[in-house]
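# Coordinate inspection notes
Each chain is listed here by its residues.
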Amino acid sequence: MALTPADLLVAVPTRGAVDWNTVRVLQDLRDRHSDLAPVLYEPGRMSVTDTRNRIVQTFLKGTNKKCLLMVDDDVIPDLNVLNVLQDMRGAPDESGYDVIGCPYPMVRPASSVLVPCVFTKTERGYVPIKDVLYLHGLHDCDAVGTGCMFITRRVLEDPDVLPFSLVVDAYGALVATEDVLFCQ
């Protein structure tokens, strides 16, 4: 059975400056779906990784929802984003997906060009999938940004999954973002 808005917790990790467009779209979603719970705005002072993990704990210990949708405070989801729920796995024995990331644009510092945060792994590392914004429907990828991501409860309850973490090299430099590490 497909998931419904009543099965969903929408959460926004934020450092306090939520884009008004993000708020507007999330409120429009609540206006369209009266069974959607209030949006959880989770402030954080440290890394977004810390805030994401606190959201996961609230989701697991404070709700009985079947699915978590995280929307970063600077991401503006499509008004039809909840259509993805029909493709989520509602129970372990059902078909569907346990994780679905929705593409959104990000700026690559080296070029200042907007690219979608959907990646394929190559011998050089993770690179954006070309023309992904022109694709429709669901597509496999190797990693996707967590700025707009649906995750079922069973993934987050798995004792072998540390949802969001950072890994640094011997010099303290980031090896990969929490998005890519979660997808791995």
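First, a word on scope: everything that follows refers to the structure included in this document. (Residues numbered from 1 in each chain as written. Predicted model: local features only at pLDDT ≥ 70, side-chain atom pairs only at ≥ 80, totals over all residues. Heavy atoms only, no water.)

Here we come to the environment of Cys183. Note on placement: Cys183 falls in helix H4 (residues 178-183). Its relative accessible area of 26% is what places Cys183 among the partly exposed residues. Note: C-alpha distance between Cys183 and Leu79 (104 residues apart in sequence) is 25 Å. Setting aside its immediate chain neighbours within four residues, Cys183 contacts Asp142, Ala143, Val144 and Met149. (Helix = DSSP H or I, 4+ residues; strand = E, 2+ residues; numbered from the N terminus. Buried < 20%, exposed > 50% of the residue type's maximum accessible area, 1.4 Å probe, protein only. Contact = heavy atoms within 4.5 Å.)

On to the pattern of salt bridges. Summed over all chains, the structure comprises 8 salt bridges. Across the pair Glu42 and Arg54 runs a salt bridge, and its minimum N-O distance is 2.6 Å. One end of the pair, Glu42, is in strand E2 (residues 40-43); the other, Arg54, is in helix H2 (residues 48-62), and 12 residues separate them in sequence. A salt bridge links Arg153 to Glu157; its shortest N-O distance comes to 3.5 Å. You can see Arg153 and its partner Glu157 sitting in helix H3 (residues 153-157), 4 residues apart, about one turn around the helix. Three or more residues joined by partner-sharing salt bridges are found here, namely Glu42, Asp50 and Arg54. (Salt bridge = Lys/Arg side-chain N within 4 Å of Asp/Glu carboxyl O.)

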